[in-house]
Amino acid sequence: MTVATGSAIDRAFATARAEGRAALVGYLPAGFPSVPGAIDAVRAMVEAGVDVVEVGLPYSDPLMDGPQVQAAVESALAGGVRIADVFATVAAAAEAGAAALVMTYWNPVEAYGVDRFAAALAEAGGAGAITPDLIPDEAGPWLDATAAHGLDPVFLVAPSSTEARIASTVAVTRGFLYAASTMGVTGTRTAVDTVARQLVERVRPHTGLPVAVGLGISDGDQAAEVAAFADGVIVGSALVRCLLEAPDPRSGVAAVGRLAGELAEGVRRR
Amino acid sequence: MTVSEAVSGKLPDAMPEPVLPDAGGHFGPYGGRFVPEALVAALDELDEAYRGARADPAFTAELDRQLSTYAGRPTPLTDATRLGAEAGGARILLKREDLAHTGSHKINNALGQALLAKRMGKPRVIAETGAGQHGVATATVCALLGLECTVYMGEEDTVRQSLNVARMQLLGAEVRPVSSGSKTLKDATNEAMRDWVTNVERTHYVIGSVVGPHPFPSMVRDFQRVIGVEARAQVLDLVGRLPDVVVACVGGGSNAIGIFHPFLDDAEVALLGCEAGGDGVETGHHAAPLTAGTPGVLHGARSYLMQDEDGQTLPTTSISAGLDYPGVGPEHAWLRDAERARYRGVTDAEAMAALRTLAQTEGILCAIESAHAVAGALDWVRSAAVPAEDLVVLVNVSGRGDKDAATAARWFGLGQT
Ligand SMILES: Cc1ncc(COP(=O)(O)O)c(C=O)c1O
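In this text the structure is predicted, and so the values were computed from the model without any measurement. (Residues numbered from 1 in each chain as written. Chains lettered and ligands numbered in written order. Predicted model: local features only at pLDDT ≥ 70, side-chain atom pairs only at ≥ 80, totals over all residues. Heavy atoms only, no water.)

Colleague: Just give me the short version of the overall build of chain B, but keep the residues and values in it.
Modeller: Tallying secondary structure elements over chain B gives 16 helices and 15 strands in all. For 417 residues, the compact-globule formula gives about 22 Å, and the C-alpha radius of gyration of chain B, at 19 Å, lands near that figure. Taking the principal axes of its C-alpha atoms as reference, chain B extends roughly 55 × 50 × 45 Å. Put simply, chain B has 417 residues, and 65% of those count as buried. Across chain B, contacts joining residues at least 24 apart in sequence account for 74% of those joining residues at least 6 apart. Surface exposure of chain B reaches about 13800 Å², of which carbon and sulfur atoms provide 52%. Computed over 36 positive and 52 negative side-chain charges, the separation of the two mean positions in chain B equals 4 Å. (Helix = DSSP H or I, 4+ residues; strand = E, 2+ residues; numbered from the N terminus. Rg over C-alpha atoms; globule rule 2.2 N^0.38 Å. Buried < 20%, exposed > 50% of the residue type's maximum accessible area, 1.4 Å probe, protein only. Contact = heavy atoms within 4.5 Å. Areas by Shrake-Rupley, 256 points an atom, 1.4 Å probe, with all protein chains shown as cover. Lys, Arg positive; Asp, Glu negative; His and termini not counted. Charge placed at Lys NZ, Arg CZ, Asp CG, Glu CD.)

Laid out in structure tokens, this is it:
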């Protein structure tokens, strides 16, 4: 199998596929526990085997997020994190060798300026962005801006998505498709729903894009379970929890590295 | 005209069917759906169910029956002559939503949406609330219709509106205090959205104002339009002509759009929305996005909002929990830009002075929210180019003030012996 050219995200998924495994996608918000602290944690997870990094843009009203991510972004905002810090974190992730995306609610992008945001993200070495509260129906200007700056716009499908919506969503998605494995907000769960597998199966006939599954995956066993049927395994809240529960920033970074290592082993399990 | 005619859209000759929003819920550049994909199916289901219900005579007849025999509609129009005398002799007419069951206009929407929840077969209802009036209205209709009810309320609001917390609990609802973010209405809305996306299969989210993703802004407007349809006919009946101005307070904007909407095509009628000016719009401590905010996306729709340059929602300040919200319904954003309605801030101090004036001239103790409209109306008369005695002013008294008695007593230093 040849490794595709194309975007950094395409290459990351192609590499994983060539190795006969799923790609590991890790989320951490910028600015938590501090801007440099988040950059250290991002580097640690890349070193431990994360292929694709989602840098969260802390937002005042994270209505898709559960308690762990809420607590981290509230703290990041209280610490004064700005959008420029998000781009600096993206740059660090890209330099560390990962494909780097921003994960952002839509309003900060509009406030920054849609085209200006895309330009700055590309300039920082970012490969794309996930926009959890932007559906393709409202995404016209964003599709123009990402195309103009060579970024991959990543959209989500959910268990409740109709066939028609899956089709219209994959039509505008680049890089990978984000399959929300459960109905609900981010947060760790003890078991990954079987609806995740069914959703991936429903999506396959519509697209050759890699499909990554997220929401609720927290350990190596769950990562292995999801890796058996998806092209990517997305982990967020469990990584954030490593930083939240750490007695000090240094041990938080170490815990992130340990969990990322366990997850990287999980996605390679046969 | 009956209430069901009003709600089902059979309007008097001069009033065509509303042309906005478009099929995607857009009012010009505002509105739309900025939501997780996981909610789209539920919003589509709701949109379809609502359009079906609107066209179903059995549904509108049932809503009509509940509004009249349960909620107490039509609400009266009160000729406020002693208040008018205070305002140089203007004819001030008060639309008495404070006399609707549960004490505010919120019951109109809660009834409509709860009947819709039943129609959709959803056994559980959730709501957000600021002042608690929407929470009480929702808890009430859930008790009436046998639905489970959970209400999210900012922790700060559970303290300043503790009377309403007790009312909701007595009605059988579970009240969940929200301690994230600013601990007010905005955060209660976030938490309700999280609940909805998690439990959407068996849950309907009764949004309490003309905010949120399509179809909420137009659906809630339609349920609140009954205020304006009644008031327009009552004013014509009483004074033989249309009012010069219609004044309402604006939090999310539901009582305002409800009374404004039937007057939209009456070009000679001015529309004035009074936002929470808090300490004064110029101080930055307020909740007046139409007056001092910028366009952006919050809670599923594009509208004006209070935000910083990174698009982070700014904290709000208002003595009124029901107006203490950084966003506003998208149709108001559209009316503002089209200059069909005008919006201004009314400070805490102006609202509290008007609250006392209304109480002592008319014996009506209104909600602090509504007092913003009364203050705006008195000021409008003062600054009008026409002599006051030639003016007819329609004011929406959106709710009663029992819940605010403690706040008002503190403000005026009363009750100390
Ligand atoms: C009496 C009263 N008026 C007005 C409002 C503000 O809401 P809206 O702007 O949607 O009418 C509230 C909200 O709690 C209220 O209780």
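There is more to say after this.
Colleague: Could you give an account of the site of the ligand, with specific residues and numbers?
Modeller: Residue and element names in this part refer to chain B. The full set close to the ligand counts 18 residues, and S209, G251, G253, S254 and S398 are the nearest of them. One of the backbone N or O atoms of G251 is found 2.7 Å from an oxygen atom in the ligand. In this structure, an oxygen atom belonging to the ligand sits 2.7 Å away from a side-chain N or O atom of N255. Calculation on the ligand without its partners gives an accessible area of 390 Å², and the protein chains cover 97% of this total. A per-class count over the shell around the ligand returns five nonpolar, 11 polar and two charged. (Near = heavy atom within 4 Å. Polar contact = N/O pair within 3.5 Å; in protein donor to acceptor, adjacent residues only side chain to side chain. Nonpolar A, V, L, I, M, F, W, Y, C, P; charged D, E, K, R; others polar.)

Colleague: Before we move on, could you go through the interface of chain B and chain A and cite the residues and values that matter?
Modeller: At the interface, 32 residues of chain B touch 34 residues of chain A. Between chain B and chain A lies a buried interface of about 2800 Å² when both sides are counted; carbon and sulfur atoms form 48% of it. The largest contributions to the chain B side of the interface with chain A come from E37(B), R194(B) and D310(B), which together make up 26% of the buried area. For the pair chain B and chain A, the number of links is five salt bridges. Across the salt bridge formed by D61(A) and K186(B), the nearest N and O atoms sit 2.8 Å from each other. Elements supplying a minimum of two residues to the side of chain B that touches chain A: α2 (37-54), α9 (185-199), β12 (294-298) and β13 (301-305) of chain B. Considering each element in turn, the side of chain B that touches chain A owes the most residues, seven residues, to α9(B). When grouped by side-chain class, the residues that make up the side of chain B that touches chain A number 12 nonpolar, 12 polar and eight charged. (Buried area = accessible area lost by both parts, 1.4 Å probe. Salt bridge = Lys/Arg side-chain N within 4 Å of Asp/Glu carboxyl O.)

Colleague: I'd like a rundown of helix α10 (residues 220-227) of chain A, residues and numbers included.
Modeller: Residues and elements named next belong to chain A. Taking burial as the measure, the eight residues of α10 include six buried ones, the bulk of the element. Of all the residues in α10, the buried ones are G220, Q222, A223, A224, V226 and A227. Buried-residue contacts for α10 involve β8 (211-214), β9 (232-235) and α12 (249-268). Among the residues of α10, the N-terminal cap falls to D219, whose side-chain oxygen and the backbone nitrogen of D221 are separated by 3.2 Å.

Colleague: Break down the sheet that holds strand β8 (residues 203-205) of chain B for me, citing the residues and quoting the values.
Modeller: All names here are of chain B. Reading across from one edge, β7-β6-β5-β8 is the order of the four strands in this open sheet, with parallel pairing throughout. Looking along the sheet, the strands with just one partner apiece sit at the ends: β7 (174-178) and β8. Averaged over all adjacent pairs, the angle separating strand axes in this sheet is 25°, with direction ignored. Here strand β5 (residues 124-129) runs beside β8; their pairing, made up of three bridges, is parallel. Residue pairing across strands places I126 opposite Y205, the latter belonging to β8. Its contacts with the sheet put α9 on β5, β6 (148-154), β7 and β8, and the angle it makes with β5 is roughly 160°. (Pairing = 2+ DSSP bridges. Axes fitted to C-alpha atoms, helices over the stretch in contact; angles between N-to-C directions.)

Colleague: Describe in detail the pairing of β6(B), supporting the description with residues and values.
Modeller: All names here are of chain B. The buried fraction of β6 amounts to six of the seven residues, a majority that puts the element mostly inside the structure. Bridge count for β5 against β6 is six bridges, and the pairing is parallel. Bridge assignment links V125 to a residue of β6, and that residue is C149. Running through helix α6 (residues 133-145), the crossover from β5 to the neighbouring parallel element β6 is right-handed. (Right-handed = clockwise from strand over helix to strand, strands pointing away.)

Colleague: Kindly report on the sheet that holds strand β5 (residues 152-154) of chain A, identifying the contributing residues and their values.
Modeller: All names here are of chain A. Here nine strands make up an open sheet; going across it, the order is β5-β4-β3-β2-β1-β9-β8-β7-β6 and the pairing parallel. The strands lining the two open edges of the sheet, one partner per strand, are β5 and β6 (156-157). Bridging between β6 and strand β7 (residues 177-180) involves two bridges; their strand directions are parallel. From the neighbouring strand, V157 faces β7, where its bridge partner is A179. Taken strand by strand, helix α2 (residues 35-47) contacts β1 (23-29) and β2 (52-56), and its axis lies near 170° from that of β1.

Colleague: Requested: an account of α2(A), with residues and values cited.
Modeller: All names here are of chain A. With 13 residues, α2 extends 19 Å between its outermost C-alpha atoms, agreeing within 8% with the 18 Å of an ideal straight helix rising 1.5 Å per residue. Burial in α2 covers these residues: G37, A38, I39, A41, V42, A44, M45 and V46. Looking at the buried residues of α2, the elements they touch are β1, β2, α4 (83-95), α11 (237-244) and α12. The N-cap residue of α2 is S34: its side-chain oxygen and the backbone nitrogen of G37 are 2.9 Å apart. Count one or two residues on from α2 and you reach G49, which has phi positive near 120°. (Expected span 1.5 Å × (residues − 1).)

Colleague: Go over the confidence of the model for chain B with me, naming the residues and quoting the values.
Modeller: Residue and element names in this part refer to chain B. Chain-level statistics for chain B give a pLDDT mean of 94 and a share of 95% at 70 or above. Note that residues 1-16 has pLDDT below 50 and, in this model, 34 contacts with residues that lie over four places away or in other chains. What the predictor reports for the complex is a pTM of 0.95 with an ipTM of 0.95. (pLDDT = per-residue confidence, 0-100.)

Colleague: How would you explain the pattern of salt bridges if you had to name every residue and give the values?
Modeller: A full pass over the atoms with the stated rule returns 44 salt bridges over all chains. With its nearest N and O atoms 3.0 Å apart, the salt bridge here joins R165(A) to E37(B). Pair noted here: R165(A) is in helix α8 (residues 163-172) and E37(B) is in helix α2, and the two residues belong to different chains. Both residues of the pair, R165(A) and E37(B), count as buried. One salt bridge in this structure joins E97(B) and R73(B), with 2.8 Å as the shortest N-O distance. Of this pair, E97(B) sits in the loop between β4 (91-96) and α5 (106-120) while R73(B) sits in the loop between α3 (57-69) and β3 (77-79), and the two are 24 residues apart along the sequence. The pair E97(B) / R73(B) is uniform in exposure class, with both members buried. The network of salt bridges with common partners includes R54(B), R221(B), D222(B) and E331(B).

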